[in-house]
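Letter by letter, the chains look like this.
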Amino acid sequence: MAHGVATSIALAASALLLLLLCSARSVECAKRRQARASRQVETRTGPTDEQVWDSGLIETELSYVTLMERGREYFEDTASQRFNNFVLGYVTPWNRAGYANAVTFRLKLDAVAPVWFQIKQQEGQKAPDILGTHEVNQTWISELKQGGKGPLVVPRFIVEAEPLQHVEMLQNPQALLEAIRSTVLEHGFDGLVLETWAAWKSFNGLSNQQFRAAAMSLLEALGQMLRDLGNKKLYLAVPPIYPAGEKTPWIETKDLDELSNFVDGFSVMTYDFSTSQGHAGPNAPIDWVNMNLQLATGKLPMATAASIPALTENALRKILLGINFYGWDFAPERQGLSAVTANDLMGLLQRHQPVFSWSTDFEEHSFQYKDREGYQHTVWYPTPRALEMRLQIAREYNVGISIWELGQGLERFFDLL
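Every chain's residues receive numbers from 1 upward, in the order its sequence appears when written. Only residues with pLDDT of 70 or above have their local features reported here, since the model is predicted, and side-chain atom pairs are shown and tallied only from 80 upward, although totals for entire chains, interfaces and linings are computed over all residues. Side-chain calculation: all heavy atoms of the structure are included, whereas hydrogens and water are not.

Per an unreviewed UniProt entry, the chain carries the name Chitinase domain-containing protein 1 and comes from Volvox africanus. What UniProt states about the chain under its Sequence similarities (unreviewed entry) heading is, verbatim, "Belongs to the glycosyl hydrolase 18 family." UniProt positions are given in the numbering used here, feature names are shortened, and annotations may be inferred rather than shown by experiment.

Caption draft 1: Structural detail: the pairing of strand β9 (residues 233–238). Burial here depends on accessible area, computed with a 1.4 Å probe over protein chains only, as a share of the maximum for the residue type. Under 20% is buried, over 50% is exposed, and the range in between is partly exposed. Secondary structure elements follow DSSP: runs of H or I of four or more residues count as helices, runs of E of two or more count as strands, with numbering from the N terminus. With respect to burial, β9 is a largely interior element, 5 of its 6 residues being buried. A pair of strands is treated as paired once DSSP finds two or more bridges between them. Both strand β8 (residues 191–195) and β9 contribute to a ladder of 4 bridges, which runs parallel. Residue Leu192 lies in a different strand from β9, and its bridge partner there is Leu234. Where β9 meets strand β10 (residues 265–268), 4 bridges bridge the pair, whose relative direction is parallel. When the sheet's bridge partners are listed, Tyr235 is paired in β10 with Gly265.

Caption draft 2: The arrangement of the packing of helix α6 (residues 173–187) against helix α8 (residues 209–228) in detail. Only the contacting stretch of a helix is used when fitting its axis, a line to C-alpha atoms as for every element, and angles between N-to-C directions run 0 to 180 degrees. Put simply, α6 and α8 touch, their axes get as near as 11 Å, and they point 35° apart. Classified by chirality, the crossing of α8 by α6 is right-handed. For the pair formed by α6 and α8, the contact residues are Pro173, Leu176, Leu177, Ile180 and Arg181 on the first element and Leu218, Ala221, Leu222 and Met225 on the second. Gly is put with the polar residues, along with every residue not named as nonpolar or charged; the nonpolar set is Ala, Val, Leu, Ile, Met, Phe, Trp, Tyr, Cys and Pro, and the charged set is Asp, Glu, Lys and Arg. Split by residue class, the contact of α6 with α8 holds 8 nonpolar, no polar and 1 charged. Should the near helix be turned anticlockwise from the far one by less than a right angle, the crossing is left-handed, and should it be turned clockwise, the crossing is right-handed. Contacts: residue pairs with any heavy atoms within 4.5 Å of one another.

Caption draft 3: Seen up close, the nonpolar core. Here, the term nonpolar core denotes a set of buried Ala, Val, Leu, Ile, Met, Phe, Trp, Tyr and Cys residues that are joined through side-chain atoms within 4.5 Å. Counting residues in each nonpolar core, the largest one holds 106 residues, and the members touching the most others are Trp140, Leu194, Leu259, Ile319 and Ile401. The biggest single contributor to this core is α8, with 8 residues. Those residues in contact with Trp140 that lie beyond four places of it in its chain are Val91, Tyr99, Ala102, Val103, Val112, Pro114 and Trp116. Counting residues in each nonpolar core, the second largest holds 16 residues, with Leu88, Tyr90, Ala111 and Ala237 among its members.

Structure, rendered in structure tokens:
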């Protein structure tokens, strides 16, 4: 009887000791989790004497801490260039960081395109309206060109109109040309970027011979008008030559060849690969980017490409390969999709402390996290390594680049330009 009581006491004591140990261990684990959650990584900003190559940011094995600590600073020499081909960078009024970056890194840029103007045709109105003049910032333009050096200022003009209104503009091209001419001269711009080709293609306008002839005639007249104003430049924003999902291309090599006679450059939108197909994935898979230039040069090893003529040298040297400085946050379970800027990225990294994964197929980094409601997110955002891989392709084909956009990316990106 006494032996049984002693055994019970011993078992109870053991259980109590085990409970205390587990409780202590749980408290310690909770403290460690809390410490991780409350860890604040100091983000360095401004110039540094450390090159991007020595920062750890070019590695495939990239930690969120390294990216947070060193991604927002930049090498102190902002005048030297690593990428020697043409660089066009967009800035947007809704992302003011682009204005500051354009000034800081102005000697690395050949042209800057502020997204300022919309061309609209009101019903029954003979001449189109050009909206957006309130965005023009002459103080900023002066900062860009201080010391007599700096990039060309070539604002983007986008045509926002219904198909019938596009037709009306082409029927009275002189009114559109005069409206653009007045705007360019009034503000002293060095030219412009025109975005309208994708709209023309979206409603099959370019499939109509009369429409196509009128459209080409307009672009030719616009290019000539700008040259007559003192060799001002005309750049055309165009879809990828090799579209995502192997759809029918919205612009072909024969189009680019014809346009190259009066256009100074083609801003090719080689990004948004996955979002254009409605699923989560990389922004600009390296093979797809490469295929666009292989197709342009007649080097694409596919039977379907055999009948597609390569670009002439005149057209090829005017290609500006699209580079995204932004990413996408996909949440398929809740049908969520949102763009990610550098500021957004820092917030996500601080809150979720994720593990980056490098895709050898796509040559892009990504990471995953769960939101407060338990939904899984996947973020694809460019990193310095991903950017350098695409710059290498541009060098290989001796083409320039066009960046969307200067305020959405990490300051370290500019070290590679």
